[in-house]
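Structure at a glance
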Amino acid sequence: MMKEKDEDAFSRNKRKEEAKLLKRKRIEEGGGVRPRQSEKNDAPKVETVAKKKKKLQTSNNTRHRFGHVMEKVPCRNKPRYSTLSIAIPGSVCANCQTKELKTHLVGQIARAASIYHVDEIIVFDDKLAKEQPRNGGFYSSKHKTRNRDQSRRHADNGGIDEQPKEREHSQRKPSDPHLFMARILQYCECPQYLRRDFFPMHSDLQFSGLLNPLDAPHHVRAEDRSPYREGIVLDKKSEKGNSMVNCGVRNRPIEIDRVLTPGIRCTVKIDVKAYGSALPLKGAVVSPSTPRETNGSYWGYSVRMAESLSHVFENCPFSEKGYDLKIGTSERGDCSVDDKNFQFKQDFRHALIVFGGVAGIEECVDADEQCKISGSQSNKLFDLWVNICPYQGSRTVRTEEAILMSLARFSPHFVAAACETNNTNDDSDDGSDGGKEKKKEQIKFSDNELSEESDCGSDA
């Protein structure tokens, strides 16, 4: 009996070994490697910082097989003195059915503007926005059943309403589409670490989580060593009496070279070498256009609201003379980018592109009471009356599509014109210190309160 048991155990072990060998052969034939388990009694290994960095780099390499995601936005390293502005009617938002679609549409416009270096976005009232009903124009069965229950309670109680607040809430007026667009555009442009300070809770920002981030150069991360940063002035002063600014550096507010009103936004220039030292960070307040005029890096856009189309051409923030290149887009344009002789003014400094709403710029001109011309003569308002897509395959081109196409097709012309303006500026400079002092004198800072048009963060 003992011999039979030994023989059975021997044959059983032999079969197990044969099965293991077969399994290894199959793994090797399939191109795989059999994983080896580490011994349980091994002591835990202490990893150094360098090894952890190598592990992170190898993990990033395995994630992106065909290249890394850009850690820095590419820069031209050439100063840019010309500016680009676009004007959009706020009625584009009123054409959307839900607030989610409105938010996503404005986010698309903000993304297109940041990709193609737009410096200013003007939201104007074309007087063509649809009047929405009291409930916001959205059907909901829940609201319908709730109103029925309220009417029954109202009848049972002898005409006494128990919940007047809910009725007031259901009859609240919808938000203005122009303010909605301006608020979302400002929210997208603001760096993430400053949004809580400048944008309180508001119904227009209900679906702001759906917005795609701009990831522009001024949206600096906490670990980045950027020479410029956006910040908010704190209600705190240094030992020398200067103001302190929160620029998104963790637990390190920056001391600036002057005293500013707490709560305002400013651009701070920082020495890159100061990030690595343990000393307190110090910086100097500069104009928001300084990064653009220094090395051509894009530094966001400003948002301006206009009462009508005629007010778009007024109050240019860059020059008292206004915009010297005005471009109108229409499917009835008299020229196209595809034309051989198409070109811009080579000496322009401030360009403006105007987009129409659902009905086009012609209807905006007819609806504007201050415009002395009719819609059929709209081309007289502009230096160029351009048809972006002459042979379009659809009956209509949506405004957000027209913005992206126009900026993409105009971009090479803007870059060529910017290079020529840089050359003329270099030739005109004397190289003396007097010219530099004049440039410094042009930069002015104001502690005055924001106007009603620019204060889109407050309740409408």
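Note that the structure is predicted; figures quoted are calculated from it, not measured.

1. Focus on the confidence of the model for the protein chain
- Averaged over every residue, the pLDDT of the protein chain is 79; residues scoring 70 or more account for 72%.
- Mean pLDDT values for the elements of the protein chain range from 43 in helix 6 (residues 164-170) up to 96 in strand 2 (residues 120-124).
- Confidence drops under a pLDDT of 50 for residues 150-155, and excluding neighbours within four residues, the segment shows eight contacts in the predicted structure.
- Below a pLDDT of 50 lies the segment residues 159-171, which in the model reaches 15 contacts outside its immediate sequence neighbourhood of four places, other chains included.

2. Looking at the sheet that holds strand 3 (residues 228-237)
- Taken in spatial order, the five strands make up an open sheet running 5-4-3-6-7, and their pairing is antiparallel. Both outer strands of the open sheet, strand 5 (254-255) and strand 7 (283-286), are each paired with one neighbouring strand and no more.
- Examined bridge by bridge, strand 3 and strand 4 (residues 243-246) share three bridges and lie antiparallel to one another. Along strand 4, the bridge assignment pairs valine 233 with valine 245.

3. Overview of the packing of aromatic side chains
- Scanning all chains against the criterion turns up 11 aromatic pairs.
- Seen in terms of ring centroids, phenylalanine 348 and phenylalanine 414 are 6.0 Å apart; in terms of plane orientation they differ by 65°. Their pairing is edge-to-face. With phenylalanine 348 in the loop between strand 10 (335-336) and strand 11 (350-354) and phenylalanine 414 in helix 11 (residues 399-428), the pair connects residues that are 66 residues apart, well separated along the chain. Of the two residues, phenylalanine 348 and phenylalanine 414, both sit in the buried class.
- Within the aromatic cluster, the residues linked to one another by ring pairs are Phe342, Phe344, Phe348, Phe410 and Phe414.

4. Side note on the pairing of strand 12 (residues 384-387)
- Here strand 12 shows no split at all, with Leu384 and Val386 on one side and Trp385 and Asn387 on the other all buried.
- Note: strand 10 against strand 12, two bridges, orientation parallel. Across the sheet, the residue bridging to serine 336 is asparagine 387, located in strand 12.

5. Thoughts on the nonpolar core
- Ranked by size, the top nonpolar core spans 53 residues in total, and within it Leu185, Tyr301 and Phe410 carry the most contacts.
- With seven residues, the single largest contributor to this core is helix 7 (residues 177-189).
- In this structure, Leu309, Val312, Tyr323 and Phe382 belong to the second largest nonpolar core, which totals 17 residues.

6. What to know about the packing of helix 4 (residues 99-115) against helix 7
- At a minimum axis separation of 9 Å, helix 4 and helix 7 run at an interaxial angle of 55°. What the angle tells us is that helix 4 and helix 7 run oblique. Relative to helix 7, the crossing made by helix 4 is right-handed. From helix 4, Lys99, Lys102, Thr103, Val106, Ile109 and Ala110 reach across to helix 7, where they touch Phe180, Met181, Ile184, Leu185 and Cys188.
- Taken together, the residues that form the contact of helix 4 with helix 7 break down as eight nonpolar, one polar and two charged.

7. Looking at the environment of proline 191
- Position of proline 191 among the secondary structure elements: in the loop between helix 7 and helix 8 (195-198).
- Among the residues examined, proline 191 registers a relative accessible area of 0% and is labelled buried.
- Along the backbone, proline 191 and arginine 221 are 30 residues apart, and their C-alpha atoms lie at a distance of 9.3 Å.
- If near-sequence neighbours (up to four positions away) are discounted, proline 191 is found in contact with His218, His219, Glu230 and Arg265.

8. Thoughts on the pattern of salt bridges
- All chains considered together, the criterion is met by 13 salt bridges.
- The salt bridge partner of arginine 265 is glutamate 230, with a shortest N-O separation of 2.7 Å. Here glutamate 230 lies in strand 3 and arginine 265 lies in strand 6 (residues 265-270), a separation of 35 residues in the sequence.
- Residues arginine 258 and aspartate 257 are paired through a salt bridge, measuring 3.5 Å at the closest nitrogen-oxygen approach.
- Taking relative accessible area as the criterion, arginine 258 reaches 29% and is therefore assigned partly exposed.
- Since its relative accessible area comes to 40%, aspartate 257 is described here as partly exposed.
- In the salt-bridge network here, residues are joined through shared partners; they are Glu189, Glu230 and Arg265.

Cut-offs used in this document
Residues numbered from 1 in each chain as written. Predicted model: local features only at pLDDT ≥ 70, side-chain atom pairs only at ≥ 80, totals over all residues. Heavy atoms only, no water. pLDDT = per-residue confidence, 0-100. Helix = DSSP H or I, 4+ residues; strand = E, 2+ residues; numbered from the N terminus. Contact = heavy atoms within 4.5 Å. Pairing = 2+ DSSP bridges. Phe/Tyr/Trp six-rings, centres within 6.5 Å; stacked < 30°, edge-to-face > 60°. Buried < 20%, exposed > 50% of the residue type's maximum accessible area, 1.4 Å probe, protein only. Core = buried A, V, L, I, M, F, W, Y, C linked by side-chain atoms within 4.5 Å. Axes fitted to C-alpha atoms, helices over the stretch in contact; angles between N-to-C directions. Parallel < 35°, antiparallel > 145°, perpendicular 65-115°, else oblique. Left-handed = near helix turned anticlockwise from the far one by under 90°. Nonpolar A, V, L, I, M, F, W, Y, C, P; charged D, E, K, R; others polar. Salt bridge = Lys/Arg side-chain N within 4 Å of Asp/Glu carboxyl O.

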